[in-house]
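Coordinate analysis (summary)
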Amino acid sequence: MATELEIHFSTSSSFSNFSILLPKPNIFLPFKSYTTSFSAQIMPCKLIFRQLFEKESSTYTYLLADSLHPDKPALLIDPVDRTVDRDLALVKELGLKLIYAINTHVHADHVTGSGLIKTKVPGVKSIISKASNAKADLFVEPGDNIYIGDIHLEVRATPGHTLGCITYVTGDGVDQPQPRMAFTGDALLIRGCGRTDFQGGSSDKLYDSVHSQIFTLPKDTLVYPAHDYKGFTVSTVWEEMLYNPRLSKDKETFKNIMQNLNLSYPKMIDIAVPSNMVCGLQETKSDF
Ligand SMILES: N[C@@H](CCC(=O)N[C@@H](CSS)C(=O)NCC(=O)O)C(=O)O
């Protein structure tokens, strides 16, 4: 089986990371460099990270894996049923072992791919919050950690878009990806946030969730949402605290903005919600 030489470069002045994958057996040479020249400082950079897009619902799925672990364990955050084959092909191509298919919440606009993934890759466990009341193999609560090899995601409760919304944040520690990364689902979008008009939504709760659980993270924490409708891919806690047109305001102004969004219901809501309550398997045989 082909293995990869993975070289990571990062600059001290920006948040960007990029990697070059070369076909070489079993050798990892991680570097950290500043500006254009290699520095003597060599730091392990373990994370394989990919942001994947599903265009009909404008949903982001995230692939994370520990490249230094012999098994290369991986997880997918918010997979979509329509793009499961693409995502699994990537997992295979990169030589990863998928262990978890996890959701930030019960989606209303598309069907989760986690149930379908379980039928295609035996052994994968689906994960959702206990507060969602949805079915899955494993349920997480605030303070829990999800491990893939030596990398972990911390579970933070961020209700408000739905009752059971959670944000997954990469661990706090020198051996964890730097800067930290927050997978905010629909709680915090880039220059926006999830609507609060169904599924137990509450603008009051959403404001408190984002301010207490996300805006308290280090300012350089990268914000990766579940959707973007304008072409943005990533933001930071600092940027959203300053420039989010809803959540940078005081709570009363925020509640007023949310009350007057006047959005039409997602086209797929009547199919997506019941299906996602059973891990996306309503149409096929559920194993729960
Ligand atoms: N038009 C889309 C649904 C768009 C939408 O309502 N998005 C949700 C997240 S998915 S439930 C949302 O919270 N949007 C916030 C906003 O400010 O746009 C469809 O028909 O699927």
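The rules we used
- Residues numbered from 1 in each chain as written.
- Predicted model: local features only at pLDDT ≥ 70, side-chain atom pairs only at ≥ 80, totals over all residues.
- Helix = DSSP H or I, 4+ residues; strand = E, 2+ residues; numbered from the N terminus.
- Buried ≥ 20, exposed ≤ 12 C-beta atoms within 10 Å, placed from the backbone.
- Pairing = 2+ DSSP bridges.
- Axes fitted to C-alpha atoms, helices over the stretch in contact; angles between N-to-C directions.
- Contact = placed C-beta atoms within 7 Å.
- Arc of directions from axis to C-beta.
- UniProt positions renumbered as here; feature names shortened; annotations may be inferred.
- Near = placed C-beta within 6 Å.
- Nonpolar A, V, L, I, M, F, W, Y, C, P; charged D, E, K, R; others polar.
- Parallel < 35°, antiparallel > 145°, perpendicular 65-115°, else oblique.
- Left-handed = near helix turned anticlockwise from the far one by under 90°.

**Topic: the environment of N262**
By the secondary structure assignment, N262 is in the loop between α5 (251-259) and α6 (269-277). You can call N262 exposed: it has 6 C-beta atoms within 10 Å. Each C-alpha atom of the pair N262 and D197 lies 9.5 Å from the other, and the pair is 65 residues apart in sequence.

**Let's talk about the sheet that holds strand β12 (residues 151-157)**
Taken in spatial order, the 6 strands make up an open sheet running β11-β12-β13-β14-β17-β18, and their pairing is mixed. Only two strands of the sheet have a single neighbouring strand rather than two, namely β11 (145-148) and β18 (235-236). Pairing of β12 with strand β13 (residues 166-170), which is carried by 5 bridges, proceeds in the antiparallel orientation. Bridge assignment links V155 to a residue of β13, and that residue is Y168.

**Describing the sheet that holds strand β9 (residues 125-129)**
The strand order β5-β6-β7-β8-β9-β10 describes an open sheet built from 6 strands, whose pairing is mixed. Two strands lie at the open edges of the sheet, namely β5 (47-54) and β10 (138-140), each paired on one side alone. Across the sheet, the mean angle separating the axes of adjacent strands is 25 degrees when strand polarity is ignored. Packed onto the sheet, helix α1 (residues 84-93) meets β5, β6 (59-66), β7 (73-77) and β8 (97-102) and runs at close to 20 degrees relative to β6.

**Description of α1**
Restricting attention to buried positions, one finds in α1 the residues V84, D87 and V91. Mapping the buried residues of α1 onto a view down its axis gives an arc of 70 degrees, with all of them on the same face. In α1, the exposed positions that point more than 90 degrees away from the buried face belong to D85, A89, K92 and E93. Contacts made by the buried residues of α1 are with β5, β6, β7, β8 and α2 (114-120). Looking one or two places after α1, you find G95, whose phi comes out positive at around 70 degrees.

**So, the UniProt feature "domain: Metallo-beta-lactamase" (unreviewed entry) in the protein**
UniProt tags residues 58-227 as "domain: Metallo-beta-lactamase" (unreviewed entry). In residues 58-227, helix accounts for 17% and strand for 33%; the two terminal C-alpha atoms are 6 Å from one another.

**Regarding the site of the ligand**
Near the ligand you find 13 residues, and of these D109, G194, R195, P266 and K267 are the closest. Among the residues making up the shell around the ligand, the classes are represented as 5 nonpolar, 4 polar and 4 charged.

**Observations concerning unusual backbone geometry**
Of note, the bond from Q178 into P179 is cis; its omega dihedral lies within 30 degrees of zero at -10 degrees. Relative to the helices and strands, P179 resides in the loop between β13 and β14 (181-185).

**Let's talk about the environment of I271**
Relative to the assigned elements, I271 resides in helix α6. Linking I271 and L96, residues 175 residues apart in sequence, is a C-alpha distance of 32 Å.

**Things to note about the packing of helix α3 (residues 203-214) against α5**
Here α3 crosses α5 at 130 degrees, and the two axes come no closer than 9 Å. If you check the angle between α3 and α5, you find them oblique. As for the relative orientation of α3 and α5, their crossing is right-handed in sense. The residues of α5 that touch α3, namely those facing S203, D204 and Y207, are K251, F254, K255, M258 and Q259. A class-by-class count of the residues in the contact of α3 with α5 yields 3 nonpolar, 2 polar and 3 charged.

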